[in-house]
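Single-letter residue listing:
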2 protein chains.
Amino acid sequence: MKYLIATHGEFSKGIIDAAQLIAGNNNKIDYFSMTKSKGQEEAEEEVKNYLEKTQGKELVVLTDVFGGSVANLFTNFLLNGYKFQLVTGVNLPLVLTLLLSADTDSNTLIKNSIEEAKKGIVYINELIEKQGGDHNDDRIIED
Amino acid sequence: MKYLIATHGEFSKGIIDAAQLIAGNNNKIDYFSMTKSKGQEEAEEEVKNYLEKTQGKELVVLTDVFGGSVANLFTNFLLNGYKFQLVTGVNLPLVLTLLLSADTDSNTLIKNSIEEAKKGIVYINELIEKQGGDHNDDRIIED
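Residues numbered from 1 in each chain as written. Chains lettered and ligands numbered in written order. Predicted model: local features only at pLDDT ≥ 70, side-chain atom pairs only at ≥ 80, totals over all residues. Heavy atoms only, no water.

Looking at an unreviewed UniProt entry, one finds chain A named PTS EIIA type-4 domain-containing protein and attributed to Tetragenococcus halophilus subsp. halophilus.

Shown next, in the form of structure tokens:
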């Protein structure tokens, strides 16, 4: 499985840095950044070249925000017949679950990872309150 | 409301860059990065200084992954009586909803933003399939 993290600005590079600090370096993840200086046509050309290079491989594209220009750019390629998986709202639990899972069926892997990504958004104050201030040692990850 | 994004590596700086490209620059957001070269004690000292500087202000800390060392570091400060709001699993929908909302009650604002953050994790292929390949123009954001 190959991953492309595609976001506005430096977000994509940054989240890869964090993922690699926890899960180790690997060459599975590429990034795409939409910057102020990059025009729409230039971005489309860059994405097109990347998608053509990776056709035939299992590619999962993780992008930043539903309805944002980067997600829309990739959605248009999907609607024009390019084959890849597209998920918006990327966070670190999503990236880590994808990277660390042994599941090889991309559809199931993505659905499970989305569940983990949602479960990973936790309001800690509320959690502590519910537990009556007790420290919770039931951690997913300890790096 | 003041925000601190606290993550492993360059993730925190990166997501602020993306948020500011969409929502404009502002001085509401600070960042904390846990790097390879930063020791645990050094990190604790840095966080302690920051929290003492901001006590009395409404502070929301957004961190990367539940159970990771950065989230645990902040959870320990919460359990030791420091007052701030702590959320894990940060993604761009969460940051944008917080920044763009007019709600001033931090508890309600955070709960609503967490809902938006979860709703913002979308499997686009599945969405397109459900809509029979129709393009969905019902976007949250268009930057």
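*Asks:* Report on the overall build of chain A, specifying residues and quantitative values.
*Replies:* Scanning chain A for helices and strands turns up six helices and five strands. The secondary structure elements of chain A, listed N-terminal to C-terminal, are β-α-β-α-β-α-β-α-α-β-α. C-alpha atoms of chain A, sized along the principal axes, occupy 55 × 35 × 25 Å. Within chain A, buried positions represent 53% of all 143 residues. In chain A, the proportion of contacts linking residues at least 24 apart, taken out of those at least 6 apart, comes to 69%. Within the structure as shown, chain A displays about 6500 Å² of accessible surface, and the carbon and sulfur contribution to it stands at 44%. (Helix = DSSP H or I, 4+ residues; strand = E, 2+ residues; numbered from the N terminus. Buried < 20%, exposed > 50% of the residue type's maximum accessible area, 1.4 Å probe, protein only. Contact = heavy atoms within 4.5 Å. Areas by Shrake-Rupley, 256 points an atom, 1.4 Å probe, with all protein chains shown as cover.)

*Asks:* How would you summarise the UniProt feature "domain: PTS EIIA type-4" (unreviewed entry) in chain A if you had to cite specific residues and measurements?
*Replies:* Under the present numbering, the feature "domain: PTS EIIA type-4" (unreviewed entry) in UniProt falls on residues 1-121 of chain A. Across residues 1-121 of chain A one finds 51% helix and 18% strand; the C-alpha atoms that close the span lie 25 Å apart. (UniProt positions renumbered as here; feature names shortened; annotations may be inferred.)

*Asks:* Break down the relation of the copies chain A and chain B for me, citing the residues and quoting the values.
*Replies:* Expressed as a screw operation, the relation of chain A to chain B combines 0.0 Å of axial shift with a rotation of 180°, fitting to an RMSD of 0.0 Å. Overall, the copies show the geometry of a two-fold rotation axis. Same-surface contact between copies: 100% of interface residues of chain A are shared with the interface of chain B. (Least-squares fit on C-alpha atoms with pLDDT ≥ 70 in both.)

*Asks:* Pulling in residues and values, what's your account of the side chain of B:Ser69?
*Replies:* Tracing the backbone through its elements, the reader meets B:Ser69 in helix α3 (residues 69-79). Overall, the relative accessible area of 15% leaves B:Ser69 in the buried class. Looking at B:Ser69, its side chain comes within polar contact range of the side chain of B:His8, at 3.2 Å. With residues up to four places along the chain from it excluded, the contact list for B:Ser69 reads A:Asp143 and B:His8. (Polar contact = N/O pair within 3.5 Å; in protein donor to acceptor, adjacent residues only side chain to side chain.)

*Asks:* Requested: an account of the sheet that holds strand β3 (residues 59-63) of chain B, with residues and values cited.
*Replies:* Within the open sheet, the five strands sit side by side as β5(A)-β4(B)-β3(B)-β1(B)-β2(B). Their pairing is mixed. Strand pairing shows two members of the sheet lacking a second neighbour, β5 (122-123) of chain A together with β2 (29-34) of chain B, which therefore form its edges. Pairing geometry for β5(A) and strand β4 (residues 85-88) of chain B, over two bridges, is antiparallel. Along β4(B), the bridge assignment pairs A:Tyr123 with B:Val87. (Pairing = 2+ DSSP bridges.)

*Asks:* Account for the side chain of A:Thr63, with residues named and values stated.
*Replies:* Residues and elements named next belong to chain A. Here Thr63 lies in strand β3 (residues 59-63). On the basis of relative accessible area, Thr63 is assigned to the buried category, the value being 0%. With residues up to four places along the chain from it excluded, the contact list for Thr63 reads Ala6, Val70, Ala71, Leu86, Val87, Thr88, Gly89 and Val90.

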